[in-house]
Amino acid sequence: MGGKVYLVGAGPGDPELLTLKGKRLLESCDVVVYDALVSEGVLALVNPQADRYFVGKRRGRHTLLQEQTTALLIQLAASYERIVRLKGGDPFVFGRGGEEMQDLRRAGIGVEVVPGITAGIAAAAYAGIPLTHRELSSSVTFVTGHEAAGKYRPAVNWQAIAQGSETIVIYMGLHNLPTIVPALLQAGLPPQTPVAVIYQGTLPSQRNFYTTLGEVLRESAQFSPPAIVVIGRVVELGQGFKSDSAPLS
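Residues numbered from 1 in each chain as written. Predicted model: local features only at pLDDT ≥ 70, side-chain atom pairs only at ≥ 80, totals over all residues. Heavy atoms only, no water.

Peer 1: Explain the layout of surface pockets to me, please; I cannot follow it from the model alone.
Peer 2: Over the atoms rolls a probe the size of a water molecule, and its path tells where empty space is left. Quantified by volume, the second largest pocket comes out at close to 160 Å³. Forming the walls of the second largest pocket are 13 residues, and the residues nearest its centre are Glu 166, Leu 189, Thr 193, Gly 232 and Arg 233. The class makeup of the residues in the lining of the second largest pocket is six nonpolar, five polar and two charged. (1 Å grid on protein atoms, 1.4 Å probe; cavity = no way out; pocket = protein on both sides within 12 Å on 5 of 7 lines; lining within 4 Å. Points joined across faces, edges and corners; volume = space filled by probe spheres on them. Nonpolar A, V, L, I, M, F, W, Y, C, P; charged D, E, K, R; others polar.)

Given below as structure tokens:
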């Protein structure tokens, strides 16, 4: 097969955060296969002559199963020279890019990865939250709040994360907060630990909600995906944070 697949990170949403290499590939690709979290601003950069395939996934609503997406990429590699697999954020950070790379390599198809800015970093930055700070946090953990069934281990070790990291960034965690929050509290995190829920990070519609670990479940009705959850003292530096931790919009 002569086609090559480029796993391109689209970044967190703001098209100006796309890498120059990613932009060049979008402008010159023959076909693009893209996810639900790729913003319209990024899609506007795609070669107008390129064919497009939407394979987006939302909770409980998958356009294609992961195996079907990989099969589509293999099929396209037989007909197109330059295939861009466009993924929100970074392909290798909770983006299933590693799985797709493995399957494509097994099929004898050339693969190149183009990193993107991951949402956990960018959304926090746009909210004015530094994930590390010499006086507040020397460690940060990125963790998924939405684990795959039948994975290599049964569950995230929330106790180890709570005890071993000063800043916790949770991807895709809103639905499972009722399980995650009690686990973190049981592991010893104080109820007054600051929490930021960042909705639509880096987009004009971004909204930052501030609360505490002890109150976040009571206030969770006002949150909706896609959102990033940041837990730790660095949240106190966030734009609009108030010392009483009242939720903001």
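Peer 1: Can you walk me through the environment of Pro 182 in this structure?
Peer 2: Mapped onto the elements, Pro 182 comes out in helix H7 (residues 177-186). In this structure, the C-alpha to C-alpha distance between Pro 182 and Trp 158, residues 24 residues apart in sequence, is 9.7 Å. Apart from the residues lying within four places of it in its own chain, the contact partners of Pro 182 are Leu 177 and Leu 217. (Helix = DSSP H or I, 4+ residues; strand = E, 2+ residues; numbered from the N terminus. Contact = heavy atoms within 4.5 Å.)

Peer 1: Please clarify how the sheet that holds strand E1 (residues 4-9) should be interpreted in this entry.
Peer 2: Through backbone hydrogen bonds, the strands of a sheet pair up, either in parallel or in antiparallel fashion. The five strands are arranged E3-E2-E6-E1-E7 in an open sheet whose pairing can be described as parallel. Both edges of this open sheet fall to strand E3 (51-54) and strand E7 (110-114), since each of them pairs with a single strand only. Averaged over all pairs of adjacent strands, the angle between their axes in this sheet comes to 20°, without regard to strand direction. Taken strand by strand, helix H1 (residues 20-28) contacts E1, strand E2 (31-34), strand E6 (82-87) and E7, and its axis lies near 125° from that of E6. (Pairing = 2+ DSSP bridges. Axes fitted to C-alpha atoms, helices over the stretch in contact; angles between N-to-C directions.)

Peer 1: Honestly, the packing of aromatic side chains in this entry has me stumped. Any pointers?
Peer 2: Two aromatic rings are characterised by how far apart their centres lie and by the angle between their planes. Tallied over the entire structure, the rule returns five aromatic pairs. Relative to Phe 54, the ring of Tyr 34 lies with its centre 5.4 Å away and its plane at 55°, an arrangement referred to as tilted. One end of the pair, Tyr 34, is in strand E2; the other, Phe 54, is in strand E3, and 20 residues separate them in sequence. When its relative accessible area of 16% is taken as the criterion, Tyr 34 is described as buried. Grouped by ring-pair contacts, the aromatic residues Phe 94, Phe 142 and Tyr 171 constitute a single cluster. (Phe/Tyr/Trp six-rings, centres within 6.5 Å; stacked < 30°, edge-to-face > 60°. Buried < 20%, exposed > 50% of the residue type's maximum accessible area, 1.4 Å probe, protein only.)

Peer 1: Can you walk me through the side chain of Asn 208 in this structure?
Peer 2: Mapped onto the fold, Asn 208 is located in strand E11 (residues 207-212). A polar contact of 2.9 Å, which involves the side chain of Asn 208, links it to the side chain of Gln 206. (Polar contact = N/O pair within 3.5 Å; in protein donor to acceptor, adjacent residues only side chain to side chain.)

Peer 1: Even after reading the chapter, I still don't get the sheet that holds strand E9 (residues 167-171), so can you show me in this structure?
Peer 2: In spatial order, the strands read E8-E9-E12-E10-E11; together these five strands make up an open sheet with mixed pairing. The open sheet is flanked by strand E8 (140-144) and E11, the only strands paired with a single partner. Mean inter-strand twist for the sheet, computed between neighbouring axes without regard to direction, equals 20°. Sheet analysis places strand E10 (residues 194-199) next to E11, joined by six bridges and oriented antiparallel. Looking across to E11, one finds that Val 195 is bridged to Thr 211.

Peer 1: So what exactly am I meant to see when it comes to helix H4 (residues 97-106) here?
Peer 2: Residues three or four positions apart in an α-helix share a direction because the helix packs 3.6 residues into each turn. Residues of H4 that are buried: Gly 97, Glu 100, Met 101 and Leu 104. Around the axis of H4, the buried residues are gathered within 100° of arc, so they sit on the same side. Buried positions along H4 lie against E1, helix H3 (66-77), E6 and E7. Two residues or fewer after H4 comes Gly 108, characterised by a positive phi angle close to 80°. (Arc of directions from axis to C-beta.)

Peer 1: Please clarify how the pattern of salt bridges should be interpreted in this entry.
Peer 2: Pairs can form between side chains of opposite charge once their charged atoms are near each other. If you walk through the whole model with that rule in mind, you get 11 salt bridges. A salt bridge links Asp 35 to Lys 87, with the shortest nitrogen-to-oxygen separation between them at 3.8 Å. With Asp 35 in the loop between E2 and helix H2 (40-43) and Lys 87 in strand E6, the pair connects residues that are 52 residues apart, well separated along the chain. Residue classification places Asp 35 among the buried residues on the basis of a relative accessible area of 16%. Here Lys 87 falls in the buried class, since its relative accessible area comes to 1%. One salt bridge connects Glu 100 with Lys 87, and the closest N-O pair in it is separated by 3.2 Å. Residue Glu 100 is found in helix H4, and its partner Lys 87 is found in strand E6; the two are separated by 13 residues along the sequence. Grouping residues by exposure puts Glu 100 and Lys 87 together as buried. Residues joined by salt bridges that share partners form a network here, namely Asp 35, Arg 85, Lys 87 and Glu 100. (Salt bridge = Lys/Arg side-chain N within 4 Å of Asp/Glu carboxyl O.)

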